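Here are the chains, one letter per residue:
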Amino acid sequence: MWCKHSKANSERFCDEGVSTITSDEQVRVEKSVAAIFNYFLNTGNDAKEPVLHRERHIAYLKKGLKHLPEGFVSLDASRPWLVYWAVHALELLDVRLTNDEAAGIIDFLKHCQNPEGGFGGGPGQYSHLAPTYAAVNALAIIGTKEAYDAINREKLQEFLWDMHTDEGAFRMHEGGEVDIRGAYCAISVARLTNVYTDHQFSETAHWIMRCQSYEGGFSGAPGMEAHGGYTFCGLAALTLLHAHHLCHTPALLRWAVNRQMRFEGGFQGRTNKLVDGCYSFWQGGLFPILHTLLTQEDAVNMSAEHWMFQQEALQEYLLLCCQHSRGGLVDKPGKGPDFYHTCYTLSGMSVAQHFSAASIHKKSVVGHPSNELMLVHPLYNIGVESAVSATQHFNNLLVPQTRICSAPYSNNINSQQEQVQT
Ligand SMILES: CC(C)=CCC/C(C)=C/CC/C(C)=C/COP(=O)(O)OP(=O)(O)O
Ligand SMILES: [Zn+2]
């Protein structure tokens, strides 16, 4: 079922059998397999290259973006998310927002920011770590001084303290759940906007490590089931904390490679579940991070030119099964498009198209060369250029010190301040 360049690597990296699934689920798998099969059957050797319907996706995103400030009823508490998913998908498609679009988004996100720090799911809503992460990422992507200045960094750090637990974890909102998303959202915004202090995150890596399960992936909270979304949060957070050495990388790698399914080429989120386009990033995004860690451990050949998953097979799944005819991308054939899936399928496609490690850059763009997307930063999931510009901007500013800290940390923080000032 795989095209010629797909098969060898899939057999090399995937050593587990196919999941046990219900007949209803089997029908969904077959739809994907049929789409891929038909493509190769009908096109034969004269295979017309699969095309990314860029203009359709841009039109879909732009149209939705116009109505975002009014919100969608069912996603009323996720409005900064909708903004982030749309502007990130557009940046991957190499589309710059107009000045008016950018100004409208900045103004809207300012209304979601609370005087006590952090962003809520909409104007007047309590601050929550998930929309805070989405708003900060969206503003970093817009990348103008006005966008950067919209973030109240001092109050943001205070909000992170308010969410911080004695164990070093983070709750999603006041009185809310404590899970690994909280740790990731907190460290991601802290690093990106340079409000990070060792003091605030001193126990976080140890708490995260309690979430690595016997399977090798990470769960939402200690003792739960490993899942791609949570695994991304765990690995990216550990890396941003410079604590990746704590992770059991061989177990994680084994778990991650086995989440790419032989039939469709896409990833499942957890054992015995179905492929879904959004896991192209939650799982696919693990590989650039893992590659860096394994290179540091000398476990990976420095001259490798491929991530440790089947990059072409993932692109085939996305191009042949996940593009909606009217624009936007989907979980699997038969589903409708939405901004979430459009964002994470394109992020995953970008990872699959570009191998980039140390001085080696190797493109493996399936289909027409115009399918190529912009490079994604795997730790923040914003464009690499957006991440570099934002960190350069914020690293020139002082780190706020909203909590007085006791002896062991104070030297460290002083030296951080000095580094920033020099
Ligand atoms: C930064 C941030 C907020 C990250 C979120 C990460 C994320 C996507 C977590 C997924 C959580 C989860 C257990 C989904 C299962 O859904 P399901 O049972 O419908 O799907 P499945 O069958 O594919 O597991
Ligand atoms: Zn999904």
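Before reading further, recall that the structure is shown in the block above.
Residues numbered from 1 in each chain as written. Chains lettered and ligands numbered in written order. Predicted model: local features only at pLDDT ≥ 70, side-chain atom pairs only at ≥ 80, totals over all residues. Heavy atoms only, no water.

Asks: Please explain the overall build of the protein chain as it appears in this structure.
Replies: Looking only at helices and strands, the protein chain features 18 helices and four strands. Within the protein chain, contacts between residues at least 6 apart in sequence are counted, and of these 71% link residues at least 24 apart. By element, 52% of the accessible surface of the protein chain is carried by carbon and sulfur atoms, the whole surface being about 18000 Å². (Helix = DSSP H or I, 4+ residues; strand = E, 2+ residues; numbered from the N terminus. Contact = heavy atoms within 4.5 Å. Areas by Shrake-Rupley, 256 points an atom, 1.4 Å probe, with all protein chains shown as cover.)

Asks: What should I look at first to understand the state of the cysteines in this one?
Replies: By definition, a disulfide links two cysteine residues through a covalent bond between their sulfur atoms. Taken as a whole and judged by the stated rule, the model has zero disulfides. Cys247 carries a free sulfur, and the closest cysteine sulfur to it, the one in Cys211, is 12 Å from it. What makes Cys247 buried here is its relative accessible area of 6%. (Disulfide = S-S within 2.5 Å. Buried < 20%, exposed > 50% of the residue type's maximum accessible area, 1.4 Å probe, protein only.)

Asks: When you look at the coordination of the zinc ion (ligand 2) in this model, what are you seeing that I'm missing?
Replies: Each angle at a metal carrying four tetrahedral donors should ideally be 109.5 degrees, and each at a metal carrying six octahedral donors should ideally be 90 or 180 degrees. The protein atoms that coordinate the zinc ion (ligand 2) are Asp276 (OD), Asp276 (OD), Cys278 (SG) and His341 (NE2), at distances spanning 2.1 to 2.5 Å. Geometry at the zinc ion (ligand 2) is irregular, judged from its four donor atoms and the angles of 56 to 120 degrees they form at the metal. In terms of primary sequence, the donors binding the zinc ion (ligand 2) are separated according to D-x1-C-x62-H. The exposure class assigned to Asp276 is buried, which follows from its relative accessible area of 10%. (Donors = N, O, S within 2.8 Å, 3.2 Å for Na, K, Ca; no water. Tetrahedral: all angles 85-135°; square planar, octahedral: opposite > 155°, others 65-115°.)

Asks: I'm lost on the packing of aromatic side chains in this one. Help?
Replies: Geometry of an aromatic ring pair is reported as the spacing of the ring centres plus the angle between the planes. Evaluation of the coordinates by the stated rule reveals 21 aromatic pairs. Taking 5.3 Å as the distance between ring centres and 75 degrees as the angle between the ring planes, the aromatic pair formed by Tyr184 and Phe232 counts as edge-to-face. With Tyr184 in helix H9 (residues 180-192) and Phe232 in helix H11 (residues 228-240), the pair connects residues that are 48 residues apart, well separated along the chain. Tyr184 sits in the buried class, given a relative accessible area of 1%. When the ring of Phe281 is compared with that of Tyr344, the centres are 6.1 Å apart and the planes differ by 40 degrees; the resulting orientation is tilted. Of this pair, Phe281 sits in helix H13 (residues 279-282) while Tyr344 sits in helix H16 (residues 339-353), and the two are 63 residues apart along the sequence. For the pair Phe281 and Tyr344, one class covers both residues: buried. Here a set of aromatic residues connected by ring pairs shows up, and it is made of Trp81, Tyr84, Trp85, Tyr133, Tyr184, Phe232, Phe281, Trp282, Tyr340 and Tyr344. (Phe/Tyr/Trp six-rings, centres within 6.5 Å; stacked < 30°, edge-to-face > 60°.)

Asks: Help me understand the site of ligand 1, please; the structure alone is not making it clear to me.
Replies: All residues adjacent to ligand 1 are Trp81, Arg181, Tyr184, His227, Gly229, Tyr230, Cys233, Arg270, Lys273, Tyr279, Trp282 and Tyr340. For ligand 1, an oxygen atom lies 3.0 Å from a polar atom in the side chain of His227. With respect to ligand 1, the side chain of Tyr279 contributes an N or O atom lying 2.6 Å from an oxygen atom. For ligand 1, whose free accessible area comes to 640 Å², the fraction covered by protein is 70%. The set of elements that each furnish at least two residues to the shell around ligand 1 consists of H9, H11 and H13. Its residues placed into classes, the shell around ligand 1 shows seven nonpolar, two polar and three charged. (Near = heavy atom within 4 Å. Polar contact = N/O pair within 3.5 Å; in protein donor to acceptor, adjacent residues only side chain to side chain. Nonpolar A, V, L, I, M, F, W, Y, C, P; charged D, E, K, R; others polar.)

Asks: Would you mind going over the pattern of salt bridges with me for this structure?
Replies: Pairing is possible between side chains that carry opposite charge, provided their charged atoms lie close to one another. Summed over all chains, the structure comprises eleven salt bridges. Between Lys145 and Asp149 there is a salt bridge whose closest N-O contact spans 2.5 Å. Pair noted here: Lys145 and Asp149 are both in helix H7 (residues 145-149), with a separation of four residues, about one helical turn. By relative accessible area, which is 45% here, Asp149 ends up partly exposed. For Lys155, the salt bridge is made with Glu158, and the minimal N-O distance between the two is 3.6 Å. Of this pair, Lys155 and Glu158 both sit in helix H8 (residues 153-163), separated by three residues, roughly a single helical turn. Of the residues examined, Lys155 reaches a relative accessible area of 28% and is grouped as partly exposed. Glu158 gets classed as partly exposed once you look at its relative accessible area, which sits at 28%. Through salt bridges with shared partners, one network takes in Glu177, Asp179 and Arg181. (Salt bridge = Lys/Arg side-chain N within 4 Å of Asp/Glu carboxyl O.)

Asks: Sorry if this is basic, but what is going on with the packing of helix H4 (residues 79-92) against helix H5 (residues 99-112) here?
Replies: In the contact formed by H4 and H5, the axes pass within 10 Å of each other and the chain directions differ by 150 degrees. Classified by the interaxial angle, the pair formed by H4 and H5 is roughly antiparallel. Once H4 is placed against H5, the crossing between them reads as left-handed. Between H4 and H5, the contacting residues are Arg79, Pro80, Val83 and Val87 on the first element and Ile105, Phe108, Leu109 and Cys112 on the second. When its residues are assigned to classes, the contact of H4 with H5 shows seven nonpolar, no polar and one charged. (Axes fitted to C-alpha atoms, helices over the stretch in contact; angles between N-to-C directions. Parallel < 35°, antiparallel > 145°, perpendicular 65-115°, else oblique. Left-handed = near helix turned anticlockwise from the far one by under 90°.)

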